[in-house]
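# Survey of secondary and tertiary structure
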Amino acid sequence: MALQLMKLFVTATTTTETVPTPQKFFYVTTGETAAGATLTIDAADFFDDTGAAATELPPLATNNSMYRVYINGVLQMQGISTYTPGATAVGSLVINVPAGGDPILANSPIVLEIVNFAPSSTTTVIT
């Protein structure tokens, strides 16, 4: 008999769930923010989906999260904003209004959407 490579024969299936946890925070500007200027929104200035005042902006899970910023219902480019999680006086959203562009007008709604994912996988081995 010739030499043979001996190996196991195993069948496995894996099920993965992403399990997103979205949170939305809302703010309405009180004045105009000119082109080239910066708008800083403190955690306490936001309100949540229930209309209650926010007290803290949640942390972003490392490699399993994202945030989005909408101004007047329009999704904004990631490079114009900086998100810092935390409580009042620490947590904030900073929007750098591009120079040479349009300002953010007074009474503009700003929506901050944060999504953290808690992925899990289950593998079933059938022998």
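Residues numbered from 1 in each chain as written. Predicted model: local features only at pLDDT ≥ 70, side-chain atom pairs only at ≥ 80, totals over all residues. Heavy atoms only, no water.

Take the overall build of the protein chain next. Along its length, the protein chain carries zero helices and eleven strands. Going from the N terminus to the C terminus, the protein chain shows its helices and strands as β-β-β-β-β-β-β-β-β-β-β. Taken over the C-alpha trace, the protein chain has a radius of gyration of 23 Å; the compact-globule value for 127 residues is 14 Å, which it surpasses by more than 25%. The C-alpha extent of the protein chain, read off along each of the three principal axes, is 85 × 35 × 25 Å. Looking at the protein chain as a whole, 27% of its 127 residues are labelled buried. If you sum the accessible surface of the protein chain, you get close to 8300 Å²; carbon and sulfur atoms cover 58% of it. (Helix = DSSP H or I, 4+ residues; strand = E, 2+ residues; numbered from the N terminus. Rg over C-alpha atoms; globule rule 2.2 N^0.38 Å. Buried < 20%, exposed > 50% of the residue type's maximum accessible area, 1.4 Å probe, protein only. Areas by Shrake-Rupley, 256 points an atom, 1.4 Å probe, with all protein chains shown as cover.)

A positive phi is found at Val-19, a non-glycine position, where the angle reads about 50°. Relative to the helices and strands, Val-19 resides in the loop between strand S1 (11-17) and strand S2 (20-28). Overall, the relative accessible area of 36% leaves Val-19 in the partly exposed class. The phi dihedral of Ala-89 falls on the positive side, at around 75°, and the residue is not glycine.

Turning our eyes to something else, we now look at the pattern of salt bridges. Tallying each qualifying case throughout the model produces two salt bridges. Lys-24 is paired through a salt bridge with Asp-49; the nearest N and O atoms lie 3.6 Å apart. In this pair, Lys-24 is assigned in strand S2 and Asp-49 in the loop between strand S3 (38-42) and strand S4 (56-57), connecting sequence segments 25 residues apart. The class of Asp-49 is exposed, set by a relative accessible area of 53%. (Salt bridge = Lys/Arg side-chain N within 4 Å of Asp/Glu carboxyl O.)

So, about a nonpolar patch on the surface. Together, Leu-8, Val-10 and Val-125 make up a nonpolar patch on the protein surface, roughly 320 Å² of accessible area in all. Residue position: Val-125 is located in strand S11 (residues 120-126). A relative accessible area of 51% places Val-125 in the exposed class. (Patch = residues over 30% accessible without salt bridge, like charges linked within 9 Å, V, L, I, M, F, W, Y side chains within 5 Å.)

Read across the sheet, four strands follow the order S2-S10-S5-S6 without closing on themselves; strand pairing throughout is antiparallel. In this open sheet, the two strands that pair with only one neighbour each are S2 and strand S6 (74-75). Taken together, the nine bridges between S2 and strand S10 (residues 109-117) define a ladder with antiparallel strand orientation. By the bridge assignment for S10, Pro-20 is matched with Phe-117. (Pairing = 2+ DSSP bridges.)

Structurally, Ser-92 is set in strand S9 (residues 92-96). A relative accessible area of 12% places Ser-92 in the buried class.

Taking strand neighbours across the sheet as the criterion, the three strands line up as S3-S9-S7 in an open arrangement whose pairing is antiparallel. The open sheet is flanked by S3 and strand S7 (81-84), the only strands paired with a single partner. Along the sheet, successive strands turn relative to each other by an average axial angle of 10°, direction set aside. (Axes fitted to C-alpha atoms, helices over the stretch in contact; angles between N-to-C directions.)

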